[in-house]
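Structural features, examined
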Amino acid sequence: MAQAAGVAVMTVSRALNTPEAVSPELRARIHEAVAQLGYIPDRLAGSLARGSGRVIPVLIPTLHHSVHVPTLDALHDVLDAAGYHTLLGTTEYDVAREEELVRALLGWRPDGIILSGIDHSEATLRMVGAVGVPVMELLDLSPRPLDLNVGFDHAAVGRAVARDLIERGRRRVAYAGSMTDSDPRSVRRMAAFQATLAGAGLRADLVAHRESPSSITVGGELLAELLGRWPDMDAVFMINDDLAAGALFEAQRQGIRVPQDLAICGFNDQDIAANLNPPISTVRTPRARMGRVAAEMLLSSLRGQPPAQKRVDLGFEIIHRQTT
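Described in the following lines is the structure provided in the data block. Worth saying up front: this structure is predicted, and the values here are computed from it rather than measured.

1. Points about unusual backbone geometry
The omega torsion of the bond from Val258 to Pro259 falls at 10°, within 30 degrees of zero and hence cis. In this fold, Pro259 is placed in the loop between α11 (241–253) and β9 (263–265). The phi torsion at Asn268 lies on the positive side, around 105°, for a residue other than glycine. Of note, the phi angle at Asp269 is positive, near 55°, even though the residue is not glycine. Assignment of secondary structure puts Asp269 in the loop between β9 and α12 (271–274). Accessibility expressed as a relative area gives 14% for Asp269, which makes it buried.

2. Topic: the environment of His209
Relative to the helices and strands, His209 is located in strand β7 (residues 207–210). Judged by relative accessible area, which is 37%, His209 ranks as partly exposed. Distance from His209 to Glu221, taken between C-alpha atoms, is 9.7 Å for residues twelve residues apart in sequence. For His209, the contacting residues outside a window of four places in its chain are Gly177, Thr180, Asp181 and Leu222.

3. What about the pairing of strand β6 (residues 173–178)?
Most of β6 is tucked away: six of the six residues are buried. Neither face of β6 is left uncovered, since the one carrying Val173, Tyr175 and Gly177 and the one carrying Ala174, Ala176 and Ser178 both have all their residues buried. Across four bridges, the pairing between β6 and strand β8 (residues 235–238) is parallel. Considered in β8, the bridge of Ala176 is made with Met238. Note on the crossover from β6 through helix α9 (residues 184–199) to β7: the handedness is right-handed.

4. Describing helix α13 (residues 287–302)
An α-helical turn contains 3.6 residues, so a residue and the one three or four places further along point in the same direction. Taking 1.5 Å as the rise per residue, α13 with 16 residues should run 22 Å; its terminal C-alpha atoms sit 23 Å apart, in good agreement. Within the span of α13, buried status applies to Arg287, Met290, Gly291, Val293, Ala294, Ala295, Met297, Leu298, Leu299 and Ser301. Where α13 is buried, its residues contact β1 (55–60), α5 (69–81), β3 (113–116), β4 (135–138), β5 (148–151) and β11 (311–313). Two residues or fewer past α13, Gly304 is found with a positive phi of approximately 80°.

5. A word on the pattern of salt bridges
Applying the stated criterion to the full structure yields 15 salt bridges. With a closest N to O distance of 3.4 Å, Glu99 and Arg103 form a salt bridge. Of the two residues, Glu99 and Arg103 are both situated in helix α6 (residues 95–106); the distance of four residues between them amounts to about one turn of the helix. You can call Arg103 partly exposed: its relative accessible area is 45%. Where Glu225 meets Arg229, a salt bridge forms, and the shortest distance between an N and an O atom there is 3.3 Å. Here Arg229 and Glu225 lie together in helix α10 (residues 216–229), a separation of four residues that amounts to about one turn.

Rules of the game
The residue numbers shown here count from 1 along each chain, following its written sequence. Given that this is a predicted model, residues contribute local features only at a pLDDT of at least 70 and side-chain atom pairs are listed and counted only at 80 or more, while totals for whole chains, interfaces and linings are drawn from all residues. Only hydrogens and water are removed before side-chain values are computed, so all heavy atoms of the structure are retained for them. Per the convention used, a helix needs a DSSP run of H or I reaching at least four residues, while a strand needs a run of E reaching at least two, with both numbered from the N terminus. Exposed residues in this analysis have more than 50% of their type's maximum accessible area, buried residues have under 20%, and partly exposed residues fall in between, with area computed by a 1.4 Å probe over protein chains only. The contact rule is simple, with two residues in contact once any of their heavy atoms fall within 4.5 Å. At least two DSSP bridges between two strands are needed for those strands to be called paired. Whether a crossover is right-handed comes down to one check: with the strands pointing away from the viewer, does the path from the first strand over the helix to the second run clockwise; if it does, it is right-handed. Residue count minus one, scaled by 1.5 Å, sets the expected span of a helix. When a carboxyl oxygen of Asp or Glu lies within 4 Å of a side-chain nitrogen of Lys or Arg, that pair is called a salt bridge.

What follows is the structure, encoded as structure tokens:
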């Protein structure tokens, strides 16, 4: 390999394992030789020799929904530029599945690990506590992080949306979503939303949910269910923008005026929310920024410079459009 690239063996090693230590011109020459020779590095052997495989597993809730793509893109961009590879796993909102994935992935001696959320099994807590690598909890905020934590307060989202709808004169306010029982972040949003309604003297039991993955179709079905049970409802907070889009389409099919008769609010501020007619009010969450900040904090820790602030709240913003 070194002979084919015309460089020293040590330079090849640095280019493959710590690429930031080698000039772009040398890296290009070495990677060209790698491609021509069909060379495949033995990552496990290398990690045993160095104590580092330059691999960071990332566990996300699901691939059924594109909401996590901006976060993953940002994580990958920052870590890849620093010479780290990401391994992706999906928990499907199941702490037992997360435990299995953590056990399997830690066996490959990763440099760090990124977990989604703050709800883990006792076995997972023991494993990540014993492994001695940086651990990032993402997408939520913990009062007692395992190590590093970047996200926003989901209960605060529920309270803020409920207060906003109440201030806009809505009095028969519903909540609808999918995976509401299995996703603890959704549970926290819904509980805070309902508590805020109840605290204002309003009904808090106007709820419809599915345990199937979210989609535009499911959003329409959920709104139809809510209207069938409470035809005088005047607002609904949907768990994400796909569901909110489905609710908007169903309201239009039924001849319900939005927002005059029914206000609809989504969550996450995906592209679909701003591009429908009328555009959907929603909660903007810092999905890409979470990925960047999490990766940068993890890299700082890996370089022996743990960030002074290990728990970062990136907040959220209610975006008022024409459906509220």
